[in-house]
Every structure is written in structure tokens, then in C-alpha cells.
Amino acid sequence: SHFVDYREQAPAAATANMYVDAHGNVVPGASTLGYKAIVVPGTVAGLIYAQKHYGRLTLAQDMAPAIRLARKGYILSDEEAKNLATARNLPQFPESRRLFQRDGHYYKIGDRFLQPELARTLTRIAANPDSFYHGDIAGELAAFIRKGGGLITAADLAAYKVKDRAPLAGNYRGYDIVTAPPPSSGGIVLME
């Protein structure tokens, strides 16, 4: 058993007090909304690691359905269209508003939701997975985040590492339990 840890990481420029005001009070939403709330993502590295070490298909084969779905889209349900139109945080950021709310021309039930930019990015990752953390995509991502006032740099992305950890193991009433080790707290709580 393995536990592939690809949790997010704080950028090098993050500080202990970056989400508090001059009086030491937590600024509501500062750690969860906006460019300064963005951390170094681990999902791309983690999924690539898992595919490389444990997968049977090539990365391109694994990613093909997601690329196809992003390129060709899918038909929005009533609930999906309503959620996109009424999401409180999307209008606060120009790119979110453009991509998910069509600059105020909201999606309606039955509209096809296409994500051509995502399809291009996924295609680039499938062709060169290293580009997300060490190549062109890393540079583009860091520049976009920094332009918005965030902290992530290309060096932060390049420093990201997946950790293959030994899972926690135990038993309960005759059942073997294999679960997440620290720094995740969920596994310890489950074991208790």
C-alpha cells in the first residue's frame, strides 16, 4: 500500500501573518478567496506520479477523455446553468467571469459548456507533463497569478515534489484499515 501525497504547498513568499490585519485580526476570506489564497497546486504532479508508477495506460491515453470533454463540451443541466449564473465569487475576477459566466451572457439549461483553453492546457500536459512545473505552463501560470497579486513564482512550481508515504494501518472489529498519514489529519481521526 502507498499513500501518494500531492497536497498543495504554500509559496516561498507566504508568511504567518499574511491573512491578518494590522491589529492581528484574521481578514475574513483572505485565505480562501483571491490570488493571495492560491497555493502551489499538487494535483497535476500527483496524478502524473500515480500514472507513471502505477498506471497501465500512457498519460495521453489517460487524459484523452478529459481533453475530449473539455474540447467538445457537454450539455448543461438546469442546476449547472443556475449555479454558474448565481455563483457569488465568479464575477469578482475577470477571467472567471469570462470563462464561466460569458461576461454576463449567462449559460442556460441545454447550452453546451465548452472549455477550449482547458483542452489546450491538458493537451500540452499530456504531451509534456514536465511543462506544468518546469516549463512554459509554469511560467504562464506564475505570471498570471503574480499579475493578480498572488505569490506563486516559477521557482515555487519547480520546487514542488510529490511524496510517496507509508499509509497508516490499523484494524477495527476485524477490518483492516489503510488510510492517510500525516500531514493529513483525516487518517488519524479515522484510526481513533
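Being a predicted model, the structure only gives us computed values, none of them experimental.

Draft legend 1. Here's a closer look at the overall build of the protein chain. Helix and strand counts for the protein chain come out as 9 helices and 6 strands. Across its three principal axes, the protein chain shows a C-alpha extent of roughly 55 × 55 × 40 Å. Looking at the 192 residues of the protein chain, the share that counts as buried comes to 26%. Element-wise, carbon and sulfur atoms account for 57% of the exposed surface of the protein chain, whose accessible area totals about 12500 Å².

Draft legend 2. Structural view of unusual backbone geometry. Here Pro 182 and Pro 183 are connected by a cis peptide whose omega angle stands at 15°. Looking at the secondary structure, you find Pro 183 in the loop between β6 (175–179) and α9 (186–191). Located in the positive-phi region is Arg 102, a residue other than glycine, with phi close to 45°. Turning to its location among the elements, Arg 102 is positioned in the loop between α4 (94–101) and β3 (112–113). One non-glycine residue with positive phi stands out, namely Arg 173, at about 50°. Looking at where Arg 173 falls in the secondary structure, it is placed in the loop between β5 (168–172) and β6.

How each quantity is defined
- Residues numbered from 1 in each chain as written.
- Predicted model: local features only at pLDDT ≥ 70, side-chain atom pairs only at ≥ 80, totals over all residues.
- Heavy atoms only, no water.
- Helix = DSSP H or I, 4+ residues; strand = E, 2+ residues; numbered from the N terminus.
- Buried < 20%, exposed > 50% of the residue type's maximum accessible area, 1.4 Å probe, protein only.
- Areas by Shrake-Rupley, 256 points an atom, 1.4 Å probe, with all protein chains shown as cover.

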